[in-house]
Amino acid sequence: MKTTNQNPIIEVKKINGSEFIYFTFKGKLLEKDAAKAIVLWKNHLEKSNISPPHVWNCMEMTGYEPMARILWQNAMKELKSKIGKIWLISDSTIILAGAKILSMFTSFEIQAVKSEKEITNKLQLKHN
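K.L.:
Explain the sheet that holds strand β1 (residues 9–15) here, please?
P.N.:
In a beta sheet, neighbouring strands pair by backbone hydrogen bonds and run either parallel or antiparallel. Spatially, five strands are ordered β1-β2-β3-β4-β5 in an open sheet, and the strand pairing comes out mixed. The two strands at the open ends of the sheet, each matched to only one other strand, are β1 and β5 (110–113). The sheet shows a mean angle of 25° between the axes of neighbouring strands, direction not considered. Relative to strand β4 (residues 86–89), strand β3 (residues 54–64) runs parallel, the two being bridged by four bridges. Note on β4: the bridge partner recorded for Val55 is Trp87.

Below you can see the structure in the form of structure tokens.
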């Protein structure tokens, strides 16, 4: 299910045969957008009995409001048992630094990559 007019767009996508909860961020993540997205995120996770891996595609993200980051961190802590590995797609040093900080504060495994193709390649290597 794809939700439009939403930042981020949240959908379930298959990559290399595995299902991911896939987030596409565009522009600046505002506090109000983060709050709406967290509700949708929780709905996606309620439907699952497993802890699915996530992809956060931040290639078109320009930044985030401080309160958006705080809401996001709090949601991550709340949903920790339902979230698998997080793949972060970005080439922004600011977003990558933010992800490292998030990883430290939340103890999530966050793997930074520069493209979805890189995720596919790493998953194929893992299975070979």
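K.L.:
I would appreciate a short explanation of empty space enclosed by the protein in the present structure.
P.N.:
The gaps left among the atoms become clear once a water-sized probe is rolled over them. Summed over the entire model, instances satisfying the criterion amount to one cavity of 30 Å³ or more. One number sums up the size of the largest cavity: a volume of about 190 Å³. Lining the largest cavity are 13 residues, with Trp56, Met61, Tyr64, Trp72 and Leu102 sitting closest to its centre. Every element with two or more residues in the lining of the largest cavity is listed here: β2 (18–29), β3, α2 (66–79) and α3 (93–106). Across the lining of the largest cavity, the residue classes break down as 11 nonpolar, one polar and one charged.

K.L.:
Which parts of the structure should I look at to understand a nonpolar patch on the surface?
P.N.:
On the surface, Ile101, Met104 and Phe105 cluster together to form a nonpolar patch covering roughly 360 Å² of accessible area. As for its position among the elements, Ile101 is in helix α3.

K.L.:
Is there a simple way to explain the packing of aromatic side chains in this structure?
P.N.:
Here a ring pair, both rings aromatic, is described through the centre-centre distance and the interplanar angle of the planes. Going through the model one piece at a time under the given rule, you end up with eight aromatic pairs. Measuring from centroid to centroid gives 6.2 Å for Phe23 and Phe25, while their planes differ by 10°, and the two rings are stacked. Each member of the pair, Phe23 together with Phe25, is buried. Ring geometry for Phe25 and Trp72: centres 5.7 Å apart, planes at 70°, overall edge-to-face.

K.L.:
Help me out: how do you make sense of the packing of α2 against α3 in this one?
P.N.:
When two helices pack together, their arrangement is given by the angle between their axes and by how far apart the axes lie. In contact at an axis separation of 11 Å, α2 and α3 are set at 40° when each is read in the N-to-C sense. As judged from the angle between their axes, α2 and α3 are oblique. Both α2 and α3 take part in a crossing whose hand is right-handed. When α2 is examined against α3, the residues Gln73, Met76 and Lys77 are found in contact with a partner set consisting of Leu102, Phe105 and Thr106. Its residues assigned to classes, the contact of α2 with α3 comprises three nonpolar, two polar and one charged.

About the criteria used
- Residues numbered from 1 in each chain as written.
- Predicted model: local features only at pLDDT ≥ 70, side-chain atom pairs only at ≥ 80, totals over all residues.
- Heavy atoms only, no water.
- Pairing = 2+ DSSP bridges.
- Helix = DSSP H or I, 4+ residues; strand = E, 2+ residues; numbered from the N terminus.
- Axes fitted to C-alpha atoms, helices over the stretch in contact; angles between N-to-C directions.
- 1 Å grid on protein atoms, 1.4 Å probe; cavity = no way out; pocket = protein on both sides within 12 Å on 5 of 7 lines; lining within 4 Å.
- Points joined across faces, edges and corners; volume = space filled by probe spheres on them.
- Nonpolar A, V, L, I, M, F, W, Y, C, P; charged D, E, K, R; others polar.
- Patch = residues over 30% accessible without salt bridge, like charges linked within 9 Å, V, L, I, M, F, W, Y side chains within 5 Å.
- Areas by Shrake-Rupley, 256 points an atom, 1.4 Å probe, with all protein chains shown as cover.
- Salt bridge = Lys/Arg side-chain N within 4 Å of Asp/Glu carboxyl O.
- Phe/Tyr/Trp six-rings, centres within 6.5 Å; stacked < 30°, edge-to-face > 60°.
- Buried < 20%, exposed > 50% of the residue type's maximum accessible area, 1.4 Å probe, protein only.
- Parallel < 35°, antiparallel > 145°, perpendicular 65-115°, else oblique.
- Left-handed = near helix turned anticlockwise from the far one by under 90°.
- Contact = heavy atoms within 4.5 Å.

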